[in-house]
Structures are given as C-alpha cells and as structure tokens.
Amino acid sequence: MSLNPAKPNRAAWLKGGEAHCNIAPDLPPHPRRLVLLGPPGAGKGTQAELLSERLGACHLSTGDVFRNAKTLDECDRTSALNTALDFMKRGNLVPDEIVLGLVAERSRCLRCKGGFLLDGFPRTVAQAEALNKLLASQDVRLDAVISYELPLEKIVVRLSGRRTCLVCKAVFHVDSRPPMSAGICDHCGGDLYQREDDRQESIRVRMEAYTKDTAPLETFYRRAGLLLSISAEGSPEEIFERSLHALQRRQS
Ligand code: AP5
C-alpha cells in the first residue's frame, strides 16, 4: 500500500497550544482563505481534502479538533473540551463560547502562509461575527464562502456509510469512496471507525441544528458578497471541479 507521509499533520490546529505542524505549507502564489458551509454529510470534509491538496490551503475543521480531543486521556482534557464532547455526542451544537475560545487559541492558523479552509466553523451568526473580528485582528480577509447543497435523503446515505481515520481524520465511504483495504486508511495506515454522531437519532438532531442555527449564514455571507452556492450531487471529483470553476469565475 502506498502511504503519503508528506501530508501535513495539522498539529497546530488539532492540538493548539505550542504545537507545530510537521511540515511548513507550500507557499501558493495566491493563498486561498475559504469557509466551507453545508449540512452535515454534504461533503465539506471530502471537498476540503481535495481543495487542500490542489490549493495548498490548510484544512481547519472544528469537528476534527473535538474528535482529536477524544483520543486524549480524560484527565488531559480541559473541562470545556469534556463539555464539548458531551454536546457533540448528542448531535447538538457546542456552545459558542467554547468554540470561540478554541478558535481564538488557534488564531495563528488563520495567518497560515498556505491559506486555510475553515470547515464546520462558523456555524452560527454569532460565530460568523466573531470570525470577522478575528480575521481583522490577524489582518487577513476571506476570499469566498462555498455553500454545498444536498437533499436530505442523500445526506442520510452519506452519513450512515462514512468511515473516518482515527489518526489523520481522512474521510471514506463504504460504497462511494472505499479505502483500498477495508478498515485501513489509504493515507497513513490508521484504523477507520464510524463516528458516534452518525447514528440515526444524532443525525436528526444535527439536521435540526443546521436548519435553525447554521442555514442563516447563507444570507449573512450572501449579503457580504462572499457566497458561492454549489450543488453537492454527483461524485466528489465532479463537485471538486464545480468548486474550482466557481472560485476561478469569482477571481476573474
Ligand atoms: P463536524 O465534524 O463539522 O460535522 P458536520 O458539519 O456535521 O459535517 P460532517 O463532518 O458530518 O459532514 P461533511 O459535510 O464534512 O461530509 P463528509 O465529507 O464527511 O461537526 C461535528 C459536531 O461537532 C457538530 O455536530 C457539533 O456538535 C460540533 N461542532 C463542530 N464545529 C462546531 C461549531 N463551529 N459550533 C458548534 N458545534 C460544533 O462526507 C460524508 C460522507 O459522504 C463520507 O463518508 C464521504 O466519503 C461521503 N461523500 C462525500 N462526498 C460524496 C459524494 N460526492 N458522493 C458520495 N459520497 C460522498
């Protein structure tokens, strides 16, 4: 099996504090700073991986930060992280103050020379307003917000077949994006597992939270002139091409 050891480990983002990424980002001529929006299971993480490979931008997922915290001993987690994991397990949004504290602690990642792809943050209007202030404090601006659109019945199929790497967080699907060896990550050889918030009951709660708290961000970013709506139907590669075309059209 061919593994890819040169993939950045995103330690600065996943661990926070003094952690540093294993390799410096490539310096693209035009670093992209993007937010990826969309309902649970629309494919934000999958597109973030593809976009990150092509654009060199770092994949900054708040969900990955919480899932990474789960791999720590309970005594090594802050009480805020333990509270966050409790909310997440049920499918509820983690309270804004916890998420904002965690992102503020990692604000140097917003200055990453390779650019960034924010996935799963912001998720409420209060988080989006706080992000604007954080970006201004770091003297950087968003280039665009890509919103992936997908009907509910397809979302359920995607979430129920998802498998995620315990180590590098790469995302697979048992039918549409299977790993080369069952249960093993193609990128780092880590074990694949099924997320506990991909159970039916949690999926329903997550969809409700999306409709109530996150969907209003489409209007927020449309008004800011940043929104690019993309259909998330079709293969990951087709959606990736749509995303690149939309970004190119916006740039020209
Ligand atoms: P988070 O990790 O952000 O999850 P999410 O937004 O619910 O999104 P998902 O990761 O479920 O889906 P995705 O769109 O990335 O899809 P994926 O590419 O994996 O958040 C989890 C939880 O953390 C939240 O519920 C909340 O509790 C908490 N949280 C995180 N951030 C927060 C915040 N800012 N505020 C408050 N709380 C926060 O794809 C899904 C599956 O489909 C995969 O198996 C994939 O292989 C497959 N697939 C992808 N694309 C295709 C395609 N085109 N065709 C067929 N299959 C596909």
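Reading guide: rules and limits
- Residues numbered from 1 in each chain as written.
- Predicted model: local features only at pLDDT ≥ 70, side-chain atom pairs only at ≥ 80, totals over all residues.
- Heavy atoms only, no water.
- Phe/Tyr/Trp six-rings, centres within 6.5 Å; stacked < 30°, edge-to-face > 60°.
- Buried < 20%, exposed > 50% of the residue type's maximum accessible area, 1.4 Å probe, protein only.
- Lys NZ or Arg CZ within 6 Å of the ring centre and 35° of its normal.
- 1 Å grid on protein atoms, 1.4 Å probe; cavity = no way out; pocket = protein on both sides within 12 Å on 5 of 7 lines; lining within 4 Å.
- Points joined across faces, edges and corners; volume = space filled by probe spheres on them.
- Helix = DSSP H or I, 4+ residues; strand = E, 2+ residues; numbered from the N terminus.
- Nonpolar A, V, L, I, M, F, W, Y, C, P; charged D, E, K, R; others polar.
- Axes fitted to C-alpha atoms, helices over the stretch in contact; angles between N-to-C directions.
- Contact = heavy atoms within 4.5 Å.
- Near = heavy atom within 4 Å.
- Polar contact = N/O pair within 3.5 Å; in protein donor to acceptor, adjacent residues only side chain to side chain.
- Areas by Shrake-Rupley, 256 points an atom, 1.4 Å probe, with all protein chains shown as cover.

As a further point, take the packing of aromatic side chains. Across all of its chains, the model carries one aromatic pair by this definition. Pairing Phe 220 with Tyr 221 gives two aromatic rings, centres 5.0 Å apart and planes at 80 degrees, and the pair type is edge-to-face. In this pair, the class of Phe 220 matches that of Tyr 221, namely buried. Seen from the ring of Phe 87, Arg 90 lies directly overhead, with NZ or CZ sitting 5.4 Å from the centre.

This brings us to empty space enclosed by the protein. A complete count under the given rule lists one cavity of 30 Å³ or more for this structure. Put simply, the largest cavity is a space of about 80 Å³. Considering the residues around the largest cavity, the lining is formed by Arg 67, Lys 70, Leu 85, Met 88, Lys 89, Arg 195, Glu 196 and Asp 197. The element best represented in the lining of the largest cavity is helix 4 (residues 79-90), accounting for three residues. Taken together, the residues of the lining of the largest cavity break down into two nonpolar, no polar and six charged.

Time to look at the environment of Lys 212. Checked against the element boundaries, Lys 212 lands in helix 8 (residues 200-214). Here the alpha-carbon distance between Lys 212 and Thr 124, two residues 88 residues apart in the chain, equals 9.1 Å.

What follows deals with the packing of helix 8 against helix 9 (residues 216-223). The geometry of helix 8 relative to helix 9 is characterised by a closest axis approach of 5 Å and an angle of 35 degrees between their N-to-C directions. Contacts between helix 8 and helix 9 involve Tyr 210, Thr 211, Lys 212, Asp 213 and Thr 214 on the former and, on the latter, Pro 216, Leu 217 and Glu 218. Broken down by class, the residue content of the contact of helix 8 with helix 9 amounts to three nonpolar, two polar and three charged.

Surveying the vicinity of the ligand reveals 35 residues, the closest of which are Thr 46, Asn 92, Arg 123, Arg 162 and Arg 206. Within the side chain of Arg 195, one N or O atom sits 2.9 Å away from an oxygen atom of the ligand. With respect to the ligand, the side chain of Arg 206 contributes an N or O atom lying 2.5 Å from an oxygen atom. For the ligand, whose accessible area on its own is 1,000 Å², the fraction buried by protein is 97%. Among the elements of the structure, helix 2 (44-55), helix 3 (62-70), helix 7 (152-160), strand 6 (171-173) and helix 10 (236-251) are those that each provide at least two residues to the shell around the ligand. The biggest single contributor to the shell around the ligand is helix 3, with four residues. Per-class residue counts for the shell around the ligand are 14 nonpolar, 13 polar and eight charged.

Turning to the side chain of Thr 46, a few remarks are in order. Inspection of the secondary structure puts Thr 46 in helix 2. For Thr 46, a relative accessible area of 17% puts it in the buried group. When residues no more than four places from it in sequence are discounted, the contact partners of Thr 46 are Val 171, Arg 177 and Pro 236.

Turning our attention to unusual backbone geometry. Put simply, Phe 121 and Pro 122 share a cis peptide bond, and its omega is 0 degrees. Within the fold, Pro 122 resides in the loop between strand 3 (115-119) and helix 6 (125-137). Positive phi, normally seen in glycine, also occurs at Arg 10, with a value near 55 degrees. For Arg 10, the location among the structural elements is in the segment before helix 1 (11-15). Positive phi is not limited to glycine here, since Asp 139 has a value of about 60 degrees. Inspection of the secondary structure assignment puts Asp 139 in the loop between helix 6 and strand 4 (144-149). For Asp 139, a relative accessible area of 72% puts it in the exposed group.

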